[in-house]
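Residues per chain, in single letters:
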Amino acid sequence: MDINIPLTIKMANLFKLTDINIPNSVTKIGSDAFSGCILETIEIPENVSDIDYSAFNGCYNLSTINVNENNQNFSSIDGVLFNKDQTIIRKYPNGKKEIKYIIPDGVVEIGSYAFSDNSTLANIEFSEEISTIGDNAFCNCKKLSKVVIYDEIKTIGNSAFSECSSLEEIEIPESVESIGYGVFENCKSLINIVLPSSITSIPSSLFKNCISLEEIEIPESVTSIGGSAFSGCTSLETMEIPDGVSWIYDNAFEGCTNITTIEIPASVYYMYSSAFIGCSNLESIIVDENNENFISEDGVLFNKAKTNILRYPQGKEGTEYKIPSTVTKIDDGAFEGCSGLESIEIPEILTSIGNSAFNGCTSLEEIEIPENVESIGDHAFEGCSGLESIEIPD
């Protein structure tokens, strides 16, 4: 089926489109313009000045993008789309069958979505001048197992290597100043990675669901660990949080089922109680004695004044627990998933039970709520399938 399009192209989901004649009057090709089309070749006419980064998403048969030689904004080399001076690679067609690609010398930026959804490339070698990797640049490159990155890289965009399920190892050079969120999310074969001392944060979802990652060293320069940064890293056995980290965000280590001990350094002053949700083998949370905001007692995490219980480790031995008499609040998710606890004694001065505080305590048989309790959060006892009785004050 042939089709002629005037002026501006925006035609997502024309799945049967195999050939297209774009007239010279067209100046812009919009987002997802050819998404899902079975085009094999496309010719970019001379007057096109704007091509959205997602214009060819899902074009799995597209093997060649040719650009009219008179176009002042774009060019192509061997069917690969670049900007005019060939300093930015814009799109490597998904239908190309090579297993290795060497990015040409002179390229300084890999554009957003440039290699996304490629199913054949196993090895990509960067040019030494590259300084920027765009958002989703290599997202869902299923065969990609080796990436050679040189020292000029400054920025790695959001989700740049996410869903690269064959990627086993990568070394990020010291030149990197910024790493986006979710860069290695769902890289399920990633075993080894070296982080540079130039970064100051572990962004959210950076290693989420990297189920093969066994160890990682967080640089001393890091001051914050983002939400879900290591969530689902089920092979991770140890985690050393350097002194200098001040923030640990929500679900940072959620589902790290092989970690047995976490040590919180003196520098941490803000930490979500949900940071360790789903760590089913976590036996102890140890807080540095010089920490001014948190304290641990018998491996259980509290605020410094011990008025809030923040987290009871899911893997801690024992079927009974007596909450210290100083505690007035049970924080959100404090006992969530503690399926081994059968009995919990609550102090009389308690006034608040947070959201999901006892969610999933399947062995909990009975609990008495003191008279002073003024609020019980949403889903506080959800999933407590063994709970036979509960006394709630008037």
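Our subject is the structure that appears above.
A quick note: this is a predicted structure, and the numbers were derived from the prediction, not measured. (Residues numbered from 1 in each chain as written. Predicted model: local features only at pLDDT ≥ 70, side-chain atom pairs only at ≥ 80, totals over all residues. Heavy atoms only, no water.)

**Here we look at the overall build of the protein chain**
- Regarding its fold elements, the protein chain presents zero helices and 33 strands.
- C-alpha atoms of the protein chain, sized along the principal axes, occupy 80 × 40 × 30 Å.
- Relative to its 394 residues, the protein chain shows a buried fraction of 51%.
- When the accessible surface of the protein chain is split by element, carbon and sulfur atoms take 42% of a total near 17200 Å².
- Mean positive and mean negative side-chain charge positions of the protein chain (21 and 62 charges, respectively) differ by 9 Å. (Helix = DSSP H or I, 4+ residues; strand = E, 2+ residues; numbered from the N terminus. Buried < 20%, exposed > 50% of the residue type's maximum accessible area, 1.4 Å probe, protein only. Areas by Shrake-Rupley, 256 points an atom, 1.4 Å probe, with all protein chains shown as cover. Lys, Arg positive; Asp, Glu negative; His and termini not counted. Charge placed at Lys NZ, Arg CZ, Asp CG, Glu CD.)

**Focus: the nonpolar core**
- Of all hydrophobic cores here, the largest spans 72 residues; its most connected members are Phe 115, Phe 138, Phe 161, Phe 184, Phe 207 and Phe 230.
- When contributions to this core are tallied by element, the ones reaching two or more residues are strand S7 (80–83), strand S21 (261–264) and strand S23 (284–287).
- Ignoring any residue separated from it by four or fewer positions in sequence, one finds Phe 207 in contact with Phe 184, Leu 190, Ile 193, Leu 195, Leu 213, Ile 216, Ala 229, Phe 230, Ser 231 and Cys 233.
- Counting 26 residues, the second-largest nonpolar core is a separate cluster that includes Ile 330, Leu 350, Ile 369 and Val 373. (Core = buried A, V, L, I, M, F, W, Y, C linked by side-chain atoms within 4.5 Å. Contact = heavy atoms within 4.5 Å.)

**A look at the pattern of salt bridges**
- According to the stated counting rule, one finds three salt bridges in the structure shown.
- Here Asp 298 ties to Lys 316 by a salt bridge, and the two come within 3.2 Å at their closest N and O atoms. Here Asp 298, found in the loop between strand S24 (294–297) and strand S25 (300–303), pairs with Lys 316, found in the loop between strand S26 (308–311) and strand S27 (320–322); they are 18 residues apart in sequence, far enough to count as distant.
- According to the relative accessible area criterion, Asp 298 is exposed, its value standing at 60%. (Salt bridge = Lys/Arg side-chain N within 4 Å of Asp/Glu carboxyl O.)

**Structural notes on the layout of surface pockets**
- Quantified by volume, the largest pocket comes out at close to 160 Å³.
- What lines the largest pocket is simply Tyr 269, Tyr 270, Met 271, Tyr 272, Ser 273, Ser 274, Phe 294, Leu 310 and Asp 331.
- Looking at the lining of the largest pocket residue by residue, the class counts come to six nonpolar, two polar and one charged. (1 Å grid on protein atoms, 1.4 Å probe; cavity = no way out; pocket = protein on both sides within 12 Å on 5 of 7 lines; lining within 4 Å. Points joined across faces, edges and corners; volume = space filled by probe spheres on them. Nonpolar A, V, L, I, M, F, W, Y, C, P; charged D, E, K, R; others polar.)

**Description of the packing of aromatic side chains**
- By the definition in use, this model includes 22 aromatic pairs.
- Members of the aromatic cluster, each reached through a chain of ring pairs, are Tyr 92, Tyr 101, Phe 115, Phe 126, Phe 138, Phe 161, Phe 184, Phe 207, Phe 230, Phe 253 and Phe 276.
- Of note, Arg 90 hangs over the ring of Tyr 53, and the distance from its end group to the ring centre comes to 4.0 Å.
- The ring of Tyr 92 has Lys 96 sitting right over it, with the charged end atom 6.0 Å from the ring centre. (Phe/Tyr/Trp six-rings, centres within 6.5 Å; stacked < 30°, edge-to-face > 60°. Lys NZ or Arg CZ within 6 Å of the ring centre and 35° of its normal.)

**Some points on the pairing of S21**
- Judged by which residues are buried, S21 turns out to be one-sided: Ile 262 and Ile 264 face inward and are buried, whereas Thr 261 and Glu 263, on the alternate face, are not.
- In this structure, S21 lies alongside S23, joined through four bridges in parallel fashion. Bridging across to S23, Ile 262 finds its partner in Ile 285. (Pairing = 2+ DSSP bridges.)

**Some thoughts on the side chain of Asp 331**
- Along the chain, Asp 331 falls in the loop between strand S28 (329–330) and strand S29 (343–345).
- Within polar-contact distance, the side chain of Asp 331 engages the side chain of Ser 273 at 3.2 Å.
- Discounting chain neighbours no more than four positions away, the residues touching Asp 331 are Ser 273, Asn 308, Ile 309, Leu 310, Gly 354 and Ala 357. (Polar contact = N/O pair within 3.5 Å; in protein donor to acceptor, adjacent residues only side chain to side chain.)

**A few points about the sheet that holds strand S18 (residues 201–202)**
- Read from one edge of the open sheet, four strands run S18-S19-S20-S22, paired in parallel fashion. Each of the sheet's edge strands pairs with one partner strand only, and the pair in question is S18 and strand S22 (270–271).
- Here strand S20 (residues 247–248) pairs with S22 via two bridges, running parallel. Residue pairing for S22: Trp 247 is matched across the bridge by Tyr 270.

**Quick word on the pairing of S7**
- On S7, burial covers both faces: Val 80 and Phe 82 on one face and Leu 81 and Asn 83 on the other are all buried.
- Relative to S7, strand S6 (residues 74–77) runs antiparallel, the two sharing four bridges. Bridging from a neighbouring strand, Ile 77 pairs with Val 80 of S7.
- Hairpin connection between S6 and S7: a loop of two residues separates the two successive antiparallel strands, and Asp 78 in this loop has a positive phi of roughly 50°.
- Here two bridges tie S7 to strand S8 (residues 88–91), and the two strands are oriented antiparallel to one another. Paired with Phe 82 across the bridge in S8 is Ile 89.
- Here S7 folds back onto S8 in antiparallel fashion, the turn holding four residues, of which Gln 86 has a positive phi close to 60°.

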